[in-house]
Structure formats: C-alpha cells, structure tokens
Amino acid sequence: MESDKLKASGLKKAALEYHERGRRGKIEVISSKPCVSQLDLSLAYTPGVAQPCLEIERDPSLARLYTAKGNLVAVISNGTAVLGLGDIGPLAGKPVMEGKGVLFKRFADIDVFDIEVDSKDPEDIIRTVKNIAPTFGGINLEDIKAPECFIIEERLKAELDIPVFHDDQHGTAIISGAALLNALEVTKKNIKQIKVVFSGAGAAGIACANFWVNLGVNPDNILMTDSKGVLWKGRGDEGRNIYKDKYYRDTDRRDLADAMRGADVFCGLSQKGILTKDMVRTMGEQPIIFAMANPDPEITYEDAKEARPDVLMATGRSDYPNQVNNVLGFPFIFRGALDVEATAINEEMKMAAAMALANLAKEEVPDSVKRAYDDMNLAFGPEYIIPKPFDQRVLVWSASAVAEAAMKTGVARKMIDIEEYKEQLREKSDWTREIMRKIFIRARRDLKRIVFPEGTDPKIIWAASEIVRERVAKPILLGKSKQEILDLFEELHHEPEGIEIIEPKSSFRRQIYVNEYYRMHQRNGISQDRAALDMRNYINFGAMMVHMGDADGMVAGVSQSFHEVLQPALRIIGPRKKGGLVAGMYMLLQDHKLYCLADCSVNINPTSEELASIVKLAAGELKSLQIDPKIAMLSFSNFGTVLSPESEKVAKAVEIIKETRPDLIIDGPVQGDFALDTEFMKKRFPFSDLAAQAPNLLIFPSLDAGNISLRLLRKLGKAHTIGPIMIGMAKPIQILPVGVDISQIINLTALAAVDAQELARREKGEPLMESLLV
C-alpha cells in the first residue's frame with residue numbers, strides 16, 4: 001500500500017511538472033508567416049491587413065483563403081462531465097481541453113482554440129458558440145453532461161453552417177461501431193439477430209446505441225441499464241429524458257445480471273467492476289464484450305477471459321487487445337470535413353469513418369506498425385478488430401472516406417479529387433516521429449543494466465524511478481552513501497523499488513577495476529596509484545562497470561560537462577573499430593518533420609575520410625530505424641560555386657561515399673537552406689540527387705558549424721531534439737546535454753538499452769534485429 005502511495009505521488013509530481021515546465025500548459029500560438037521586418041509588419045497588420053479584410057467582406061468564403069479559419073477547431077466545454085472526474089468546472093477541465101488540442105494537432109495537423117464556458121445553462125452555451133462561430137472551421141463539444149449535451153449539439157447543428165461534433169457521443173459510437181462490425185465477422189454473428197446489453201445511459205451510451213441501430217442492430221434486441229437497473233416500461237421515470245425514452249422496454253428483467261443472460265454483446269460505458277465473471281458466464285456462445293469505462297473497464301480482460309475463454313474483448317486501454325480509442329475518430333473526421341469545407345458532419349460521414357476503420361483493420365498490417373506495438377503476428381482476428389492509434393494509414397483511410405461522403409451527400413462546399421487528396425494526406429504524415437515509441441518497445445524485450453554515475457542528482461533519481469515504471473531498463477545508481485540516495489527518493493516522493501544502488505568506495509569490485517584500468521593504461525603513463533585515484537571518479541567507475549560487463553551501458557552528464565564524460569568513455573570504452581572514430585547525432589523535430597544532424601558533438605575538424613566515416617555511421621543509424629537516409633553534405637558553397645579547402649573537403653567526402661556506398665542518396669557541398677528547399681533545388685540544381693526529395697540527414701563540415709547551428713535552432717526555432725546520440729562506441733555510452741530534462745534522460749537510456757541488446761546479439765553470433773546504433 002505504501003508503495004502504491006509513493007507511485008501515485010510520483011505520478012502526480014511528474015504530471016504537474018510536465019504541465020508546468022517551460023511555457024505553461026501544453027499549447028501555444030505560433031505565427032505561420034514571417035514577422036521580422038517593417039515590411040512583414042505592414043503586411044501582417046496595418047496597413048496591409050486591410051486588403052484581405054476587404055476581400056472577405058466582399059466574399060466571406062475567402063476567409064478560408066486568407067485566415068486560419070479553415071484549419072481551426074474550437075474545443076468547447078463547461079467541465080460538467082470531465083473524463084472520470086465528473087463535474088469539476090470549466091477552469092479545472094482546461095488541461096483536458098488543451099490535451100484535446102494536442103491530439104488534434106498531433107494526429108491531423110488541425111489547430112485548436114480551447115474555450116471553457118462558465119455556465120451550465122444550455123442556452124448560454126449555445127449563444128456563446130454561435131457568437132464565436134465565425135472564427136472557426138468546426139466546433140468540437142467536449143465533456144458536457146447529458147442530457148444538456150444533446151440539446152446543445154442539436155441546436156448548434158441546426159443553426160450553424162460549420163461542422164458541430166460532440167466527441168463523447170459520436171467518437172465512441174463510431175470507433176465501437178467499427179469494432180462491432182469486425183467482431184461480428186470474426187464470431188460469425190448476424191447483426192440483425194444479436195442481443196445487446198448497454199451498461200450506461202449517458203451521452204456515450206445512448207449515442208452508441210443509436211449508431212449501432214443505424215449499423216443494423218435491431219432496437220428491439222437492445223436492453224439498456226443505468227444506475228437504477230434496466231430501463232423497463234413501468235419503472236416510473238419514463239418521460240424525464242426524451243433521449244433515453246426510446247430504450248425503455250417491456251421486459252421482466254430488472255438489473256444488469258438479468259439483462260446479461262443469453263446476451264451476445266455487452267457494451268459498457270459506465271463504471272469500473274460493474275460486470276462480474278458470473279454475469280459473463282451467462283452470455284451466449286462466443287460473447288463479445290466492449291468494456292469501455294475510463295480509466296478502468298467494467299471487467300478486466302483477465303477476468304473476462306477466465307470466465308469465458310471464448311470471449312472477444314475490447315476496452316479503452318492500450319495494454320489490452322482491441323483498444324477502442326476516440327483518437328481513431330475525431331482528428332480524422334474533422335480533417336476530412338475541413339478539407340472539403342463541409343457545413344456539417346452528418347450520419348453518412350460518421351458511417352463512412354466507421355466503415356473505413358473496419359475495412360482498414362482487415363488489411364495486411366505493415367511491419368512498421370507491428371514493430372511499433374512489438375507484435376509481429378498482428379493480423380485481423382479476435383485480438384485485432386480495430387486499427388492501432390499509431391497506424392499512419394488511419395489518416396488516409398478515414399479522412400478521405402469522410403471527405404468523399406461529405407461530397408456525395410451535398411454538405412461539401414469544395415469538391416476535390418479523392419485520389420489526389422489521399423496522396424496529400426500521405427505527405428502530411430511524417431511518422432518518423434514515432435521513433436522513440438519503437439525504441440521503447442524494443443528496450444522492454446530484454447531489460448538491460450544501465451549505470452548512472454550521478455546517482456544523487458534529483459533528475460537522475462526521478463528518471464530512474466520512471467525508467468523502472470516504464471520498464472525501459474534496470475537502473476544502477478552510484479553514490480557515496482546508499483542511505484543518502486534512499487533518503488533522496490523518499491524526499492522527492494519517488495519509488496526506489498527495482499533500482500540497484502552501489503557505493504564505489506566500498507564495492508568489492510573496486511580493486512578489480514583498479515587493476516584492469518592499470519593494465520589497460522600502464523604504457524600510457526598511468527601508475528597503480530594513479531589508477532586507484534582515477535577510480536574515485538564515478539564516471540571512470542561507471543565506464544569500467546560497462547567495460548567489465550557489470551553494467552550493459554552508461555548514461556551520464558547531468559552535472560558534468562560533455563568533455564568530462566566523453567574523455568573517460570573514450571579512454572575506457574573507445575571506438576567500436578580500432579582506429580575508428582566516434583560521432584554524435586541529434587534527432588530534431590521541426591514542423592512535424594524529423595531531421596538528423598551529425599556531427600554536432602565530437603569531431604572538431606574532420607578530414608574528408610572522417611566525414612565519410614561519420615556519414616556511414618549516421619546513415620546506418622537511420623537505416624536501423626527503418627528510415628531511408630537522404631544525405632546533404634553541408635557547406636557555405638553550392639556544388640563548387642566557391643572553391644576553398646573547406647568546400648573541397650566536403651566534395652571529396654561525397655566522392656568517397658558515392659564510390660564506397662553507391663546505395664546511399666547523398667550530395668553536396670550545399671548550403672543548408674537550399675538543401676531543404678526542393679523547389680529551389682529543382683530550378684537551380686536539377687542535376688543534384690537532392691532535387692527530387694529533401695534530405696533528412698544533414699552532415700556538418702566541422703564542430704563549429706554543427707554545434708552553433710544546433711544551438712541556434714533549438715533556441716530560435718524552438719525545435720525539439722533528442723541527443724546527442726553517441727554512435728561508433730564499442731559499448732553503449734550516452735552523454736546527457738546541459739539542462740537535460742527527465743524525458744531526455746529516459747530517451748537516451750532507452751537508446752543505450754537497445755544498443756546493449758544488439759551488442760549482446762553480436763557477441764553471441766546471433767543475427768541482429770534492425771541494429772539501432774551501428
């Protein structure tokens with residue numbers, strides 16, 4: 001119990017710190033146009049801004065051309081039904097609404113303003129939304145309790161000419177509807193004959209029942225229950241909620257246990273634990289259970305399977321098969337609606353979204369999705385009836401189906417070519433952003449021991465606790481006193497369970513390390529006494545642990561400089577190949593695209609041959625992540641426009657790579673901004689291998705150029721980075737950058753763990769799994 005309290009306390013601290021650090025909250029507004037000169041300012045605001053204003057006054061439809069309206073959705077809530085928290089009010093619900101905005105942006109590149117309305121009166125909310133509607137291309141209603149949510153949505157749909165969608169109702173209905181169709185196909189049941197029990201008669205339950213009826217379920221075969229039991233005629237509360245009234249039945253069944261007897265399908269949108277194993281045992285053959293209470297289902301997957309091994313089960317959780325997740329719905333439905341400038345999201349569009357998801361689940365699953373979920377056997381069947389949220393194909397299938405339905409039913413203002421639209425959607429998805437997710441999955445397959453020499457640093461203590469909780473690795477912390485570290489865990493409200501703590505000064509391995517270190521460096525001026533002195537340095541001690549096999553990798557640098565970690569690592573671990581080099585690479589996320597930058601960390605002024613080696617190391621890293629490297633060799637010169645020793649060095653490196661690795665797409669020397677502008681490259685340098693596609697791997701000619709560029713990008717461009725990722729080391733060593741945050745420590749630990757897995761396979765002579773760090 002005490003352990004659970006510590007974990008809960010740690011989670012609370014992590015969640016609060018996540019929302020607080022840096023810019024407060026989870027969202028911000030960023031200008032999509034330059035505003036750095038007087039001319040820019042005169043165009044963005046007065047006097048230039050008057051021109052689009054006048055054009056929109058003349059033709060209101062031009063607002064989508066000259067403003068963000070066409071890609072902007074309002075997330076509206078009054079906080080009366082927030083997740084599992086209930087009526088917590090509009091302000092307390094704001095973090096959830098911001099989170100919704102993050103999902104819109106992340107999955108469909110849709111911008112969001114979250115609007116929290118301080119009123120429980122439907123008329124107030126309707127009036128507010130109508131008054132602000134000109135700003136938006138669509139309205140997403142969120143976490144508004146029933147029955148008010150029905151009234152608000154119906155009125156707004158009737159009175160506005162933009163899409164209005166209550167996700168709590170229709171999102172769950174659409175996703176569960178797609179899952180139902182496939183569950184019935186797997187179990188060979190007829191949708192018109194199945195008997196269905198709904199647990200929960202709120203917004204989501206009623207919307208699911210309505211949608212399932214539209215799919216073909218016979219309404220006479222539906223029994224719905226609420227907190228008082230079965231909705232049966234004569235119960236005495238008929239007529240109080242017109243939306244529930246249609247599901248009152250002439251029946252002698254009174255409670256959920258009665259309703260479940262002989263049922264084919266259970267659809268739960270109620271509360272944790274309400275469905276018992278005994279109830280499940282009374283269901284028909286091959287029962288279907290959708291237990292979707294959030295965050296804990298009506299019955300656990302394990303209990304349902306124990307009661308009925310033939311059950312087909314879906315929940316709202318990602319740790320069980322068949323996750324019914326609303327993120328499979330609302331981003332893509334709005335994407336399709338906005339792109340055809342739809343005036344509404346009608347039943348046909350919802351049905352199209354459900355059918356698209358159902359059909360996609362029956363397609364062969366790409367290896368990239370299988371690897372992301374660590375399941376190479378993923379295929380349509382009892383444990384895969386609905387696509388995974390991180391399947392990049394959902395955007396293409398669902399958004400295009402919704403757009404096509406909008407055009408066919410006459411609610412689209414804009415007609416588009418669907419095949420061209422699908423291609424545009426494919427280009428919109430840059431799913432290399434899921435790299436870290438794949439790495440985490442890989443790390444969990446075989447937990448490796450990762451040593452942290454700075455074991456008393458609060459960031460390391462926090463990260464170590466999260467690493468254990470996320471099952472990324474087995475942390476080993478070094479410190480002067482074990483009790484001091486344990487006291488810090490308690491003080492910081494983190495759980496030390498699963499974390500090994502070592503005191504180097506009293507370790508029985510200390511003298512062994514001293515002797516081995518002396519043996520390694522006795523011809524480099526290191527005496528036995530000096531070896532003993534060097535082992536007092538925890539970075540040296542940690543590196544020796546890795547060298548001797550007492551740890552599988554090391555992560556360090558939170559309180560020391562890059563050089564203070566790199567030098568001991570090179571001295572004790574060294575490069576993988578004798579006489580080879582080590583390099584550093586950063587992953588940088590900018591405008592939804594992933595770029596890799598090398599070498600920004602290690603090699604000060606590499607020769608042509610060394611640049612070629614850096615290219616091979618970095619390209620191998622990308623290939624291991626299932627990314628085809630397209631490489632730009634950067635310089636101040638473009639393909640010989642200026643001849644100098646610096647640019648000729650880069651040109652020679654390109655020649656070396658083209659001779660030794662003709663499989664790689666590479667060109668240079670080229671200036672960085674030109675390399676990333678494919679339109680310019682096609683016009684100015686059509687002969688270049690980079691004219692057809694922009695590079696994703698940028699190689700810098702010197703440490704000056706790379707390090708300065710990286711730091712400016714992070715500061716001025718607000719790019720998100722992972723790194724430096726050390727490549728070329730004989731054993732896994734990752735060096736933390738100055739000011740590192742907890743998530744970066746965890747990311748680099750996962751990379752070290754996966755590298756250790758592959759090293760172990762090499763040493764055993766086993767085939768490599770897509771080696772990550774080559």
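Everything numeric in this text was worked out from a predicted model, so none of it was measured.

**Student:** Account for the sheet that holds strand β1 (residues 72-77), naming residues and giving values.
**Tutor:** Pairing is parallel in the open sheet, where four strands are placed in the order β2-β1-β3-β4. Each of the sheet's edge strands pairs with one partner strand only, and the pair in question is β2 (111-116) and β4 (164-166). Taken pair by pair, the neighbouring strands of this sheet meet at an average axis angle of 20°, ignoring direction. Relative to β2, β1 is paired through six bridges, and the arrangement is parallel. Looking at the pairing, serine 77 lines up with glutamate 116 of β2.

**Student:** Please provide a residue-by-residue account of helix α20 (residues 458-469), values included.
**Tutor:** Taking 1.5 Å of rise per residue, the 12 residues of α20 would be expected to cover 16 Å, and the 17 Å separating its terminal C-alpha atoms lies within 8% of that figure. Taken as a whole, α20 has its buried residues at Ile460, Ile461, Trp462, Ala463, Ala464, Ser465, Glu466 and Ile467. The N-terminus of α20 is capped by aspartate 457, whose side-chain oxygen sits 2.9 Å from the backbone nitrogen of lysine 459. Just beyond α20, the residue with positive phi is arginine 471, at close to 55°.

**Student:** Tell me about the pairing of strand β3 (residues 138-141), and please be specific about residues and values.
**Tutor:** The alternating pattern of β3 places Gly138 and Asn140 on one face and Ile139 and Leu141 on the opposite face, and all of these are buried. When β1 meets β3, the two strands line up parallel, connected through four bridges. Bridge pairing in β3 links valine 75 to asparagine 140. Bridging between β3 and β4 involves three bridges; their strand directions are parallel. When the sheet's bridge partners are listed, isoleucine 139 is paired in β4 with valine 164. At this point the chain moves from β3, through helix α7 (residues 148-159), to the parallel β4, and the crossover so formed is right-handed.

**Student:** Got a sec to walk through the packing of helix α14 (residues 330-339) against helix α17 (residues 393-408)? Specific residues and values, please.
**Tutor:** Two numbers describe a pair of packed helices, the interaxial angle and the distance between the axes. Two elements in contact, α14 and α17, have axes whose closest approach is 7 Å; the angle formed by their N-to-C orientations is 50°. Of the possible angle classes, the one that applies to α14 and α17 is oblique. Considering how the two elements wind past one another, α14 and α17 form a crossing that is right-handed. Across the interface between the two elements, Phe332, Ile333, Arg335, Gly336 and Ala337 from α14 touch Val394, Leu395, Ser398, Ala399, Val402 and Ala403 from α17. For the contact of α14 with α17, the per-class residue count stands at eight nonpolar, two polar and one charged.

**Student:** Tell me about the side chain of serine 42, residues and numbers included.
**Tutor:** Checked against the element boundaries, serine 42 lands in helix α2 (residues 38-44). Looking at serine 42, the relative accessible area reads 17%, which means it is buried. There is a polar contact of 2.7 Å between the side chain of serine 42 and the backbone oxygen of leucine 39. Leave out the neighbours within four places in its chain, and serine 42 touches Pro47, Gly48 and Val49.

**Student:** I'd love a proper account of the sheet that holds strand β18 (residues 665-670), names of residues and values included.
**Tutor:** Taken in spatial order, the six strands make up an open sheet running β18-β17-β19-β16-β15-β20, and their pairing is mixed. Whereas interior strands pair on both sides, the edge strands pair on one side only; in this sheet they are β18 and β20 (720-727). If you compare each strand with its neighbour and ignore which way they point, the axes differ by 20° on average. Two elements, strand β15 (residues 583-590) and β20, share six bridges in a ladder whose sense is antiparallel. Bridge pairing links leucine 589 to histidine 720 in β20. Each of β15, β16 (593-598), β17 (630-634), β18, β19 (697-699) and β20 is contacted by helix α26 (residues 608-624), which is oriented at about 160° to β19, the strand it contacts most. Docked against the sheet, helix α27 (residues 645-660) engages β17 and β18, running at close to 170° with respect to β18.

What counts and what doesn't
Residues numbered from 1 in each chain as written. Predicted model: local features only at pLDDT ≥ 70, side-chain atom pairs only at ≥ 80, totals over all residues. Heavy atoms only, no water. Pairing = 2+ DSSP bridges. Helix = DSSP H or I, 4+ residues; strand = E, 2+ residues; numbered from the N terminus. Axes fitted to C-alpha atoms, helices over the stretch in contact; angles between N-to-C directions. Expected span 1.5 Å × (residues − 1). Buried < 20%, exposed > 50% of the residue type's maximum accessible area, 1.4 Å probe, protein only. Polar contact = N/O pair within 3.5 Å; in protein donor to acceptor, adjacent residues only side chain to side chain. Right-handed = clockwise from strand over helix to strand, strands pointing away. Parallel < 35°, antiparallel > 145°, perpendicular 65-115°, else oblique. Left-handed = near helix turned anticlockwise from the far one by under 90°. Contact = heavy atoms within 4.5 Å. Nonpolar A, V, L, I, M, F, W, Y, C, P; charged D, E, K, R; others polar.

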